[in-house]
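Results of the structural survey
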Amino acid sequence: MDSGLAARQRPGMTADLIATSPFRPAEIEAGRKLFAAEWHFAVAAGSIDSLPKPSRVEIAFAGRSNVGKSSLINALTGRRTLARTSRTPGRTQELIFFDGPASLAIVDLPGYGYAAAPKQKAAAWGALVHAYLKGRPNLARLYLLVDARHGLKPIDEDLISTLDKAAVNYQVVLTKTDAVKPESLAELIRETSAALCAHAAAHPEVLATSARVGAGVPELRASIARLAKERRRG
Ligand SMILES: Nc1nc2c(ncn2[C@@H]2O[C@H](COP(=O)(O)OP(=O)(O)OP(=O)(O)O)[C@@H](O)[C@H]2O)c(=O)[nH]1
Ligand SMILES: [Mg+2]
């Protein structure tokens, strides 16, 4: 599989699949270096009051329960057990902060859409995550993870609408691409890209990753390194 598979929407064109990496070798190297450095667990926040001070540049990972958020964070950092992964959906219930170099932090958000979650818990999830997303000035980007076997679901639209309203910069990252055929993946990238082009806060490129086989992980690292660099400049 081509790990650099990405789609870009160009003005006046339909979604166009670009099979080459949008990152230069120097950016891939910057991403590698960023994640070769030490990343460690900082804090688990179960309420707005327990959020850390907004002093680091934050990159959040969100998506449906079981989409592979914690696994992708582990793949990025090359540490199998940094973020807790589970076969049981809804395992990550708090906002988990991991601190890295260059004043960066990664935030593992609790998954949504877990049918068996008690209603009260689901509401608490909504309140906490929405409050975080709406009021976090140091949130540089949210990566919205979407299972490549399923694509965007109506429940993802709730989050997308919050992100649009709060003007949070976000980008879709397909996960578990090892589990789909290259043709279906190419089609999904086209569809997802087309669905996102109406959303101003959405990044036009869709990244395709697999935590299991490492596809797209160097590109995601490069994407985060690019953001960190832009933030330092800005
Ligand atoms: N085939 C495949 N399976 C994966 C991949 N990444 C994660 N999984 C599996 O998907 C399941 C859920 O992974 P997690 O990383 O715990 O998912 P999560 O989004 O953090 O889940 P919650 O914290 O419950 O919201 C686990 O059984 C993983 O082994 C991948 O790249 N490929
Ligand atoms: Mg998790």
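All values reported here derive from a predicted model rather than from experimental measurement. (Residues numbered from 1 in each chain as written. Chains lettered and ligands numbered in written order. Predicted model: local features only at pLDDT ≥ 70, side-chain atom pairs only at ≥ 80, totals over all residues. Heavy atoms only, no water.)

Looking at the chain as a whole, its pLDDT mean stands at 86, while 83% of the residues score no less than 70. The model gives residues 1–20 a pLDDT under 50, and that stretch makes 53 contacts with residues more than four places away or in other chains. (pLDDT = per-residue confidence, 0-100. Contact = heavy atoms within 4.5 Å.)

With that settled, consider the pairing of strand β7 (residues 139–147). For β7, a buried count of nine out of nine residues is recorded, marking the element as mostly surrounded by other parts of the structure. Summarising the sheet, β7 and strand β8 (residues 170–175) pair through six bridges and their orientation is parallel. Bridge pairing in β8 links Leu142 to Tyr170. Once you follow β7 into helix α4 (residues 154–166) and on to β8, the crossover reads as right-handed. (Buried < 20%, exposed > 50% of the residue type's maximum accessible area, 1.4 Å probe, protein only. Helix = DSSP H or I, 4+ residues; strand = E, 2+ residues; numbered from the N terminus. Pairing = 2+ DSSP bridges. Right-handed = clockwise from strand over helix to strand, strands pointing away.)

Residues Leu95, Leu109, Tyr132, Leu133, Leu142 and Leu174 are the most contacted members of the largest nonpolar core, which totals 35 residues. Contributions of two or more residues to this core are made by β4 (57–63), β5 (95–99), α3 (119–134), β7, α4, β8, α5 (182–196) and β9 (206–208). Among the elements that make up this core, the one with the highest residue count is α3 (five residues). Ignoring any residue separated from it by four or fewer positions in sequence, one finds Leu133 in contact with Leu109, Leu139, Leu142, Leu159, Thr162, Leu163, Ala166 and Val168. (Core = buried A, V, L, I, M, F, W, Y, C linked by side-chain atoms within 4.5 Å.)

Our next topic: the packing of aromatic side chains. Counting across every chain of the model gives four aromatic pairs. With centroids separated by 6.3 Å and ring planes inclined at 80°, the aromatic side chains of Phe97 and Tyr132 adopt a geometry described as edge-to-face. Placement of the pair is Phe97 in strand β5 and Tyr132 in helix α3, with a sequence separation of 35 residues. Neither Phe97 nor Tyr132 differs from the other in exposure class; each is buried. (Phe/Tyr/Trp six-rings, centres within 6.5 Å; stacked < 30°, edge-to-face > 60°.)

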